[in-house]
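Examining the three-dimensional arrangement
Here's the letter readout for the chains.
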Amino acid sequence: MPITIVETVGAANANSFVSEAEMTAYCDARLNATIWTDAAAQLPALVEATRELSLLLYVGSRTDSTQALSWPRVYAPDPDAPWIEQIGDALLAYFADDEVPQRVKDATCELALQFLLAGTTDLASADPNQGVVRKKVDVLETEWASPQSRASGLSRFPRVLALVGPMLETTGGGLTLERV
């Protein structure tokens, strides 16, 4: 059964943060993104990317308890806002509670593109070769990097993390951001 993209903000049946047209426009403006127009799995890649990003722990709260995705949100500070609102002692600027931020849309497009570039490799699963430093085929010898130096999950995609990182909760969720 073919997938239908539902990008209606706040909808109970939404399955993507971006439309197919928004994804195409993103890829048109990005180098080395022609796989989007060549791939048969375009729509599943959008849905999977949205699913992965929607699992993250963002600041603020969902706007509606019936919405399928993690955005839109209320009380989610906007790191790019040109203005700041003073609330008590805090100076904050919030995303509108009826839209998906451009950062989330761009991260969705980028992650969907990475899923397509991976081909048949399931990027949502753990990489079995992650951390291999050296592999010797004759007499089979494998040297692994220390677990602390291995990239896992979305940390394998620095561009995606750069987009959504400023909007994530700073504690919990098992996501560790490191500067290299």
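Please refer to the structure higher up on the page.
Quantities reported herein were computed from a predicted structural model and do not represent experimental measurements.

Okay, the state of the cysteines next. A full pass over the atoms with the stated rule returns zero disulfides. You can see Cys27 has no disulfide; the closest cysteine sulfur is in Cys109, sitting 6.6 Å from it. Looking at Cys109, the relative accessible area reads 2%, which means it is buried.

Let us look at helix H3 (residues 42-54). Compared with an ideal rise of 1.5 Å per residue, which puts 13 residues at 18 Å, H3 spans 18 Å between its outermost C-alpha atoms and is within 8% of the ideal. All of the buried residues in H3 are Gln42, Leu43, Ala45, Leu46, Val47, Ala49, Thr50, Leu53 and Ser54. Packing partners of the buried residues in H3 comprise helix H1 (20-28), helix H2 (35-38), helix H4 (102-117) and helix H5 (158-164).

Another aspect to go through is the environment of Tyr58. Inspection of the secondary structure puts Tyr58 in the loop between H3 and strand E1 (61-62). Tyr58 gets classed as buried once you look at its relative accessible area, which sits at 3%. Sequence separation between Tyr58 and Trp71 is 13 residues, and the spatial gap between their C-alpha atoms is 9.0 Å. Discounting chain neighbours no more than four positions away, the residues touching Tyr58 are Leu53, Ser70, Trp71, Arg73, Val164, Met167, Leu168 and Glu169. A polar side-chain atom of Tyr58 sits 2.8 Å from the main-chain carbonyl oxygen of Leu53.

Reading the values: the criteria
Throughout this description, residue numbers start from 1 for each chain and increase along the sequence as written. pLDDT decides what is reported in this predicted model: residues at 70 or higher carry local features, side-chain atom pairs at 80 or more are listed and counted, and totals for whole chains, interfaces and linings draw on all residues regardless. Side-chain numbers come from the whole structure's heavy atoms, not from hydrogens or water. Pairs of cysteine sulfur atoms within 2.5 Å are what we label disulfides. Relative accessibility decides the category of a residue: with a 1.4 Å probe and only protein chains considered, values under 20% of the type maximum give buried, values over 50% give exposed, and everything between is partly exposed. Numbering of helices and strands runs from the N terminus; a helix is a DSSP stretch of H or I covering at least four residues, while a strand is a stretch of E covering at least two. Take the residue count of a helix, subtract one, and multiply by 1.5 Å to get its expected span. Every residue pair with non-hydrogen atoms within 4.5 Å of one another is taken to be in contact. Polar contact is the term for a pair of N or O atoms within 3.5 Å; when the atoms are in protein, one must be able to donate a hydrogen and the other to accept it, and sequence-neighboring residues count only if both atoms are side-chain atoms.

Such coordinate-based values are descriptive only and should not be taken to indicate function.
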